[in-house]
Amino acid sequence: TGFDHATKAQCAGDAWIRPILGGFPFYLRLCQCIIRYRKSTRALKEAKEKAEKDRGRGEGSPLQKRKNEGLRVSSHSVPTDHVNSVISKEAHQQRMHLLNSGKYIAGMLVIFCNSVPWEAFGVLPYSMCMIWVYSYMLGTLYMFSWDVKVDWSLMPDPDHFVRTGKRLYPLWMYRSIAVGNLIGRLTWAMTLMPPTSFNSDTVGGNLLILVISLIEILRRAAWTLLRLENEHLSNSSKYRAMLWVPPLYQDHSLLFYAGRVS
(Lines give C-alpha, C1' and ligand atoms only; values in the text may rest on other atoms or scores of the structure.)
Protein backbone atom coordinates (compact mmCIF):
# COMPACT_ATOMS: atom_id res chain seq x y z
CA THR A 1 0.00 0.00 0.00
CA GLY A 2 2.99 2.31 0.26
CA PHE A 3 2.55 2.90 4.02
CA ASP A 4 4.92 1.80 6.74
CA HIS A 5 2.95 -0.22 9.28
CA ALA A 6 5.99 -1.25 11.28
CA THR A 7 6.13 1.96 13.31
CA LYS A 8 3.44 3.72 15.29
CA ALA A 9 1.75 6.64 13.54
CA GLN A 10 2.52 10.01 15.08
CA CYS A 11 1.64 13.57 14.13
CA ALA A 12 4.47 15.75 12.88
CA GLY A 13 5.69 18.05 15.62
CA ASP A 14 3.92 16.07 18.34
CA ALA A 15 7.05 16.12 20.51
CA TRP A 16 6.92 19.92 20.89
CA ILE A 17 3.22 20.71 20.33
CA ARG A 18 2.07 18.76 23.39
CA PRO A 19 4.47 20.51 25.83
CA ILE A 20 3.44 23.91 24.47
CA LEU A 21 -0.26 23.16 24.86
CA GLY A 22 0.30 21.65 28.30
CA GLY A 23 2.36 24.58 29.53
CA PHE A 24 0.20 27.33 28.04
CA PRO A 25 -2.22 27.55 31.04
CA PHE A 26 0.76 27.79 33.38
CA TYR A 27 2.22 30.53 31.20
CA LEU A 28 -1.02 32.55 31.30
CA ARG A 29 -1.24 32.33 35.08
CA LEU A 30 2.44 33.25 35.36
CA CYS A 31 1.81 36.36 33.26
CA GLN A 32 -1.12 37.24 35.52
CA CYS A 33 1.08 36.93 38.60
CA ILE A 34 3.74 39.14 37.02
CA ILE A 35 1.15 41.79 36.13
CA ARG A 36 -0.21 41.77 39.68
CA TYR A 37 3.32 41.91 41.07
CA ARG A 38 4.10 44.99 39.00
CA LYS A 39 0.86 46.66 40.11
CA SER A 40 1.70 45.96 43.74
CA THR A 41 5.19 47.34 43.18
CA ARG A 42 3.77 50.59 41.80
CA ALA A 43 1.24 50.85 44.62
CA LEU A 44 3.97 50.21 47.19
CA LYS A 45 6.15 52.89 45.65
CA GLU A 46 3.30 55.41 45.68
CA ALA A 47 2.48 54.60 49.31
CA LYS A 48 6.11 55.08 50.35
CA GLU A 49 6.28 58.40 48.49
CA LYS A 50 3.10 59.47 50.27
CA ALA A 51 4.57 58.54 53.64
CA GLU A 52 7.78 60.45 52.89
CA LYS A 53 5.76 63.50 51.87
CA ASP A 54 3.71 63.36 55.08
CA ARG A 55 6.85 63.07 57.19
CA GLY A 56 8.38 66.00 55.34
CA ARG A 57 5.37 68.16 56.14
CA GLY A 58 5.82 67.49 59.84
CA GLU A 59 9.37 68.86 59.89
CA GLY A 60 10.43 72.44 60.51
CA SER A 61 9.56 75.07 63.13
CA PRO A 62 6.49 74.79 65.40
CA LEU A 63 4.75 77.46 63.32
CA GLN A 64 5.53 75.57 60.13
CA LYS A 65 4.28 72.35 61.72
CA ARG A 66 0.97 74.02 62.61
CA LYS A 67 0.67 75.33 59.06
CA ASN A 68 1.45 71.91 57.66
CA GLU A 69 -1.06 70.32 60.03
CA GLY A 70 -3.73 72.71 58.79
CA LEU A 71 -2.70 71.94 55.22
CA ARG A 72 -3.07 68.22 55.82
CA VAL A 73 -6.52 68.67 57.34
CA SER A 74 -7.69 70.98 54.57
CA SER A 75 -6.42 68.71 51.82
CA HIS A 76 -7.90 65.61 53.48
CA SER A 77 -4.58 63.79 53.25
CA VAL A 78 -4.36 60.18 54.29
CA PRO A 79 -3.36 59.69 57.96
CA THR A 80 0.11 58.31 58.57
CA ASP A 81 -1.19 55.17 60.26
CA HIS A 82 -3.34 54.41 57.26
CA VAL A 83 -0.42 54.99 54.90
CA ASN A 84 1.73 52.60 56.92
CA SER A 85 -1.06 50.05 56.77
CA VAL A 86 -1.23 50.43 53.00
CA ILE A 87 2.54 49.98 52.75
CA SER A 88 2.40 46.81 54.82
CA LYS A 89 -0.51 45.45 52.79
CA GLU A 90 1.10 46.18 49.42
CA ALA A 91 4.42 44.70 50.54
CA HIS A 92 2.60 41.53 51.56
CA GLN A 93 0.70 41.37 48.27
CA GLN A 94 3.92 41.93 46.34
CA ARG A 95 5.58 39.03 48.13
CA MET A 96 2.57 36.74 47.65
CA HIS A 97 2.37 37.43 43.91
CA LEU A 98 6.06 36.63 43.59
CA LEU A 99 5.65 33.36 45.48
CA ASN A 100 2.55 32.51 43.45
CA SER A 101 4.50 32.92 40.23
CA GLY A 102 6.97 30.34 41.54
CA LYS A 103 4.15 27.79 41.66
CA TYR A 104 3.53 28.08 37.93
CA ILE A 105 7.23 28.13 37.15
CA ALA A 106 7.49 24.81 39.01
CA GLY A 107 4.67 23.40 36.87
CA MET A 108 6.35 24.56 33.67
CA LEU A 109 9.60 23.02 34.92
CA VAL A 110 7.93 19.61 35.18
CA ILE A 111 6.72 19.88 31.59
CA PHE A 112 10.14 21.03 30.40
CA CYS A 113 12.02 18.24 32.17
CA ASN A 114 9.68 15.62 30.69
CA SER A 115 9.81 17.03 27.16
CA VAL A 116 13.52 17.56 26.57
CA PRO A 117 15.15 14.68 24.63
CA TRP A 118 17.86 14.11 27.20
CA GLU A 119 19.23 11.12 25.28
CA ALA A 120 20.26 13.44 22.46
CA PHE A 121 22.42 15.37 24.93
CA GLY A 122 24.12 12.24 26.19
CA VAL A 123 22.35 12.17 29.56
CA LEU A 124 22.34 8.76 31.21
CA PRO A 125 18.99 7.06 31.94
CA TYR A 126 19.59 7.26 35.70
CA SER A 127 20.28 10.99 35.47
CA MET A 128 17.16 11.43 33.36
CA CYS A 129 15.13 9.70 36.05
CA MET A 130 16.60 11.92 38.76
CA ILE A 131 15.84 15.07 36.77
CA TRP A 132 12.22 14.02 36.40
CA VAL A 133 11.85 12.95 40.05
CA TYR A 134 13.32 16.16 41.49
CA SER A 135 11.24 18.42 39.24
CA TYR A 136 8.15 16.32 39.96
CA MET A 137 8.61 16.48 43.74
CA LEU A 138 9.42 20.19 43.68
CA GLY A 139 6.27 21.04 41.74
CA THR A 140 4.08 18.72 43.82
CA LEU A 141 5.25 19.93 47.24
CA TYR A 142 5.21 23.59 46.21
CA MET A 143 1.64 23.41 44.91
CA PHE A 144 0.37 21.32 47.81
CA SER A 145 1.88 23.74 50.34
CA TRP A 146 0.29 26.66 48.52
CA ASP A 147 -3.10 24.93 48.54
CA VAL A 148 -2.98 24.32 52.28
CA LYS A 149 -1.43 27.54 53.54
CA VAL A 150 -2.70 30.16 51.09
CA ASP A 151 -5.73 28.94 49.17
CA TRP A 152 -7.37 27.22 52.16
CA SER A 153 -5.74 29.12 55.06
CA LEU A 154 -5.13 25.86 56.92
CA MET A 155 -2.26 25.15 59.33
CA PRO A 156 -2.41 28.60 61.00
CA ASP A 157 0.15 27.34 63.53
CA PRO A 158 2.16 24.15 64.12
CA ASP A 159 -0.33 22.91 66.73
CA HIS A 160 -3.46 23.13 64.56
CA PHE A 161 -4.04 21.82 61.07
CA VAL A 162 -7.57 23.20 60.69
CA ARG A 163 -7.96 26.91 61.36
CA THR A 164 -9.87 27.90 64.47
CA GLY A 165 -13.06 29.92 64.27
CA LYS A 166 -16.08 29.55 62.04
CA ARG A 167 -16.15 26.78 59.48
CA LEU A 168 -18.61 25.49 56.93
CA TYR A 169 -17.56 21.84 57.09
CA PRO A 170 -16.71 19.34 59.84
CA LEU A 171 -13.10 18.74 60.81
CA TRP A 172 -12.81 15.35 59.13
CA MET A 173 -13.67 16.88 55.77
CA TYR A 174 -10.71 19.28 55.83
CA ARG A 175 -8.28 16.50 56.64
CA SER A 176 -9.79 14.16 54.05
CA ILE A 177 -9.65 16.78 51.31
CA ALA A 178 -6.05 17.64 52.21
CA VAL A 179 -4.99 13.99 52.00
CA GLY A 180 -6.90 13.54 48.75
CA ASN A 181 -5.35 16.70 47.36
CA LEU A 182 -1.86 15.40 48.13
CA ILE A 183 -2.65 12.12 46.39
CA GLY A 184 -4.04 14.05 43.44
CA ARG A 185 -0.97 16.27 43.34
CA LEU A 186 1.20 13.15 43.22
CA THR A 187 -0.58 12.06 40.04
CA TRP A 188 -1.20 15.38 38.28
CA ALA A 189 2.29 15.51 36.76
CA MET A 190 1.64 12.19 35.03
CA THR A 191 -0.97 13.93 32.89
CA LEU A 192 1.78 16.28 31.66
CA MET A 193 4.12 13.49 30.67
CA PRO A 194 4.48 12.59 26.98
CA PRO A 195 2.36 9.66 25.77
CA THR A 196 5.49 7.56 25.28
CA SER A 197 5.80 7.38 29.07
CA PHE A 198 2.77 5.09 29.15
CA ASN A 199 2.11 1.97 27.17
CA SER A 200 -1.07 3.45 25.72
CA ASP A 201 -1.42 0.59 23.24
CA THR A 202 -2.71 -1.71 25.99
CA VAL A 203 -5.98 -1.67 27.90
CA GLY A 204 -4.08 -1.23 31.16
CA GLY A 205 -2.30 1.85 29.87
CA ASN A 206 -5.54 3.48 28.78
CA LEU A 207 -7.20 2.62 32.09
CA LEU A 208 -4.29 4.21 33.96
CA ILE A 209 -4.69 7.43 31.98
CA LEU A 210 -8.46 7.38 32.65
CA VAL A 211 -7.99 6.87 36.41
CA ILE A 212 -5.42 9.67 36.62
CA SER A 213 -7.77 12.03 34.78
CA LEU A 214 -10.67 11.18 37.10
CA ILE A 215 -8.49 11.74 40.18
CA GLU A 216 -7.49 15.16 38.87
CA ILE A 217 -11.14 16.12 38.28
CA LEU A 218 -12.10 15.07 41.82
CA ARG A 219 -9.09 16.88 43.27
CA ARG A 220 -10.02 20.13 41.55
CA ALA A 221 -13.63 19.84 42.71
CA ALA A 222 -12.57 19.29 46.34
CA TRP A 223 -10.03 22.12 46.09
CA THR A 224 -12.81 24.46 44.94
CA LEU A 225 -14.96 23.64 47.98
CA LEU A 226 -12.33 24.76 50.49
CA ARG A 227 -11.13 27.65 48.36
CA LEU A 228 -14.61 29.18 48.11
CA GLU A 229 -15.23 28.52 51.80
CA ASN A 230 -12.02 30.34 52.73
CA GLU A 231 -12.92 33.31 50.54
CA HIS A 232 -16.47 33.37 51.90
CA LEU A 233 -15.38 33.47 55.54
CA SER A 234 -12.16 35.49 55.46
CA ASN A 235 -12.17 37.53 52.22
CA SER A 236 -8.62 36.26 51.73
CA SER A 237 -8.19 37.73 48.24
CA LYS A 238 -9.77 41.08 49.25
CA TYR A 239 -12.35 40.93 46.47
CA ARG A 240 -14.92 42.53 48.78
CA ALA A 241 -14.58 45.97 50.30
CA MET A 242 -16.24 44.78 53.53
CA LEU A 243 -15.74 41.51 55.36
CA TRP A 244 -19.45 40.74 55.53
CA VAL A 245 -21.53 38.18 53.72
CA PRO A 246 -24.85 36.49 54.54
CA PRO A 247 -24.11 34.09 57.42
CA LEU A 248 -24.45 30.80 55.55
CA TYR A 249 -22.67 28.95 58.32
CA GLN A 250 -25.70 29.57 60.58
CA ASP A 251 -28.09 27.86 58.19
CA HIS A 252 -29.01 24.51 59.77
CA SER A 253 -30.41 23.28 56.46
CA LEU A 254 -26.92 22.95 54.98
CA LEU A 255 -25.73 19.42 54.33
CA PHE A 256 -22.50 20.00 56.23
CA TYR A 257 -23.21 22.27 59.18
CA ALA A 258 -20.32 23.24 61.40
CA GLY A 259 -21.25 26.78 62.36
CA ARG A 260 -19.53 26.85 65.68
CA VAL A 261 -16.43 28.36 67.18
CA SER A 262 -13.74 25.82 67.95
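Predicted, not measured: the structure shown is a model, and the values here were computed from it.

Rules of the game
Residues numbered from 1 in each chain as written. Predicted model: local features only at pLDDT ≥ 70, side-chain atom pairs only at ≥ 80, totals over all residues. Heavy atoms only, no water. Helix = DSSP H or I, 4+ residues; strand = E, 2+ residues; numbered from the N terminus. Contact = heavy atoms within 4.5 Å. Areas by Shrake-Rupley, 256 points an atom, 1.4 Å probe, with all protein chains shown as cover. UniProt positions renumbered as here; feature names shortened; annotations may be inferred. Phe/Tyr/Trp six-rings, centres within 6.5 Å; stacked < 30°, edge-to-face > 60°. Buried < 20%, exposed > 50% of the residue type's maximum accessible area, 1.4 Å probe, protein only. Patch = residues over 30% accessible without salt bridge, like charges linked within 9 Å, V, L, I, M, F, W, Y side chains within 5 Å. Salt bridge = Lys/Arg side-chain N within 4 Å of Asp/Glu carboxyl O. Lys, Arg positive; Asp, Glu negative; His and termini not counted. Charge placed at Lys NZ, Arg CZ, Asp CG, Glu CD.

Visitor: What is the right way to read the overall build of the protein chain from this model?
Guide: A tally of regular secondary structure across the protein chain gives 6 helices and 0 strands. The order of helices and strands in the protein chain, counted from the N terminus, is α-α-α-α-α-α. For the protein chain, the proportion of contacts with a sequence separation of at least 24, taken over those separated by at least 6, is 70%. Here the protein chain has roughly 17,200 Å² of accessible surface; of this, 66% comes from carbon and sulfur atoms.

Visitor: I'm lost on the UniProt feature "transmembrane region" (unreviewed entry) in the protein chain in this one. Help?
Guide: Per the UniProt record, the feature "transmembrane region" (unreviewed entry) sits at residues 98–117 and 123–144. The distance from the first to the last C-alpha atom of residues 98–117 is 30 Å, and the span holds 90% helix and 0% strand. Helix makes up 91% of residues 123–144 and strand makes up 0%, while its end C-alpha atoms are separated by 30 Å.

Visitor: What exactly am I supposed to notice about the packing of aromatic side chains here?
Guide: One pass over the structure, following the stated rule, counts 3 aromatic pairs. Here Phe-112 and Trp-118 contribute two aromatic rings whose centre-to-centre distance is 6.5 Å and whose plane-to-plane angle is 90°, an arrangement assigned as edge-to-face. Taking relative accessible area as the criterion, Trp-118 reaches 17% and is therefore assigned buried.

Visitor: Explanation requested: the environment of Gln-94 in the structure shown.
Guide: Along the polypeptide, Gln-94 turns up in helix H3 (residues 80–115). Relative accessible area serves as the criterion here: at 16%, Gln-94 is assigned to the buried category. Counting along the chain gives 55 residues from Gln-94 to Lys-39, while the straight-line C-alpha distance between them is 8.4 Å. When near neighbours in sequence (up to four residues on either side) are disregarded, Gln-94 contacts Tyr-37, Ser-40, Thr-41 and Leu-44.

Visitor: How should I be thinking about the environment of Leu-225 in this particular structure?
Guide: With respect to the element layout, Leu-225 can be found in helix H6 (residues 203–234). Given the relative accessible area of 38%, Leu-225 is considered partly exposed. Spatially, the C-alpha atoms of Leu-225 and Tyr-174 are 9.9 Å apart, while their sequence positions differ by 51 residues.

Visitor: Please clarify how a positive patch on the surface should be interpreted in this entry.
Guide: A surface patch of positive charge is lined by Arg-36, Arg-38, Lys-39 and Arg-42. The topology assignment puts Arg-38 in helix H1 (residues 14–57). Residue classification places Arg-38 among the exposed positions, given a relative accessible area of 53%.

Visitor: What is the right way to read the pattern of salt bridges from this model?
Guide: Opposite charge on two side chains allows them to pair when their charged atoms are near. Under the defined criterion, the tally for this structure stands at 6 salt bridges. The salt bridge partner of Asp-147 is Arg-185, with a shortest N-O separation of 2.9 Å. One end of the pair, Asp-147, is in helix H4 (residues 125–151); the other, Arg-185, is in helix H5 (residues 171–188), with 38 residues separating them in the sequence. With respect to burial, Asp-147 and Arg-185 carry one shared label: buried.

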